[in-house]
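# Survey of secondary and tertiary structure
Below, each chain spelled out in residue letters.
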Amino acid sequence: MANCGSSVLFAGSIRADKGVQYLPEVATRLQGVACVELAVGIVPSGLLAQLTSAANLHLVGDGRSYLPDRAFFEALSRASVMVAPYSDVTTSGTVMMAATMAVPVVAFESEGLARVPGRVHTVRTGNVQGLADECAQVIRRPSPLGAETLAAYDESAGAAWKEVARFDKE
């Protein structure tokens, strides 16, 4: 990855319902602010050039094989924010992983993602400009974890998980 300073991570399948078609535009709108990294594993033939059309949009891995866990973990560890432009989601394992690592998430509005503990910022579904703007704002804002002790964060995250569990039983 080129040295871009901040990193916006997309992780997931190369599918329209995951919002992969919005990523080149998000990257273009974040030019000069951050690189967008795609942690996606296998990229269908012919789609790689389209996905990496923006100068600041980079593929994690080679695109020809599944992404090793270590490569995904490293990409998530260096991410300033995860972008999740999903159109139809009940919840997301990658968003949950980001939340457990205190990586903020910017996503389209979704009832399923609203229940994820952590810093999930939402914009109106389909608003790509809003998605990019919110990613930039999250990057520029200091993380509340700097002011919050780990013990307090653990307590608030535990309470949020209890709320998720309670909601799932209803």
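This text follows the structure it describes.
For the structure given in this document, a descriptive report is provided here. Computed from a predicted structure; not experimentally measured. Every residue gets a number counted from 1 within its own chain, in the order that chain's sequence is written. Restriction of local features to residues with pLDDT of at least 70 applies here, the model being predicted, together with a cutoff of 80 or more for giving and counting side-chain atom pairs; totals for whole chains, interfaces and linings are based on all residues. The side-chain values count all of the structure's non-hydrogen atoms but skip hydrogen atoms and water molecules.

## Quick word on the sheet that holds strand β1 (residues 6-11)
Definition in use: Strand pairing is assigned whenever DSSP identifies at least 2 bridges connecting the two strands. Every helix listed is a DSSP run of H or I at least four residues long, and every strand listed is a run of E at least two residues long, numbered separately from the N terminus. Each axis is a line fitted through C-alpha atoms, taken for helices only over the stretch in contact, and angles between the N-to-C directions span 0 to 180 degrees. Only heavy atoms matter for contacts: two residues are in contact if any of them lie within 4.5 Å across the pair.
Pairing within the open sheet is parallel, and its six strands lie in the order β3-β2-β1-β4-β5-β6. Where the open sheet ends on each side, the last strands, each with one partner, are β3 (57-59) and β6 (120-123). Between one strand axis and the next, the sheet turns by 25° as a mean value, whatever way the strands run. Relative to strand β4 (residues 81-84), β1 runs parallel, the two being bridged by two bridges. Bridge pairing in β4 places L9 opposite M82. Contacting β1, β2 (34-39) and β4, helix α3 (residues 69-78) runs over the sheet at an angle of about 135° to β1. Running over the sheet, helix α4 (residues 93-100) touches β1, β4, β5 (105-108) and β6 and is turned about 160° from β4.

## Some thoughts on the pattern of salt bridges
The test is simple: One side-chain nitrogen of Lys or Arg within 4 Å of one carboxyl oxygen of Asp or Glu is enough to make a salt bridge. Relative accessibility thresholds used throughout: buried, under 20% of the residue-type maximum; exposed, over 50%; partly exposed, between the two (1.4 Å probe, protein chains only).
Scanning the entire structure with this criterion turns up six salt bridges. The residue R15 makes a salt bridge to D17 at a minimum N-O spacing of 2.9 Å. Residue R15 is classed as partly exposed on the basis of its relative accessible area of 38%. For E74, the salt bridge identified is with R70, shortest N-O distance 3.3 Å. Taken together, the residues E74 and R70, both in helix α3 and four residues apart, mark about one turn of the helix. A relative accessible area of 56% means that R70 is categorised as exposed.

## Digging into the environment of A99
Note that A99 resides in helix α4. Taking relative accessible area as the criterion, A99 reaches 10% and is therefore assigned buried. Considered as a pair, A99 and V116 are 17 residues apart in the sequence and their alpha carbons are 7.6 Å apart.

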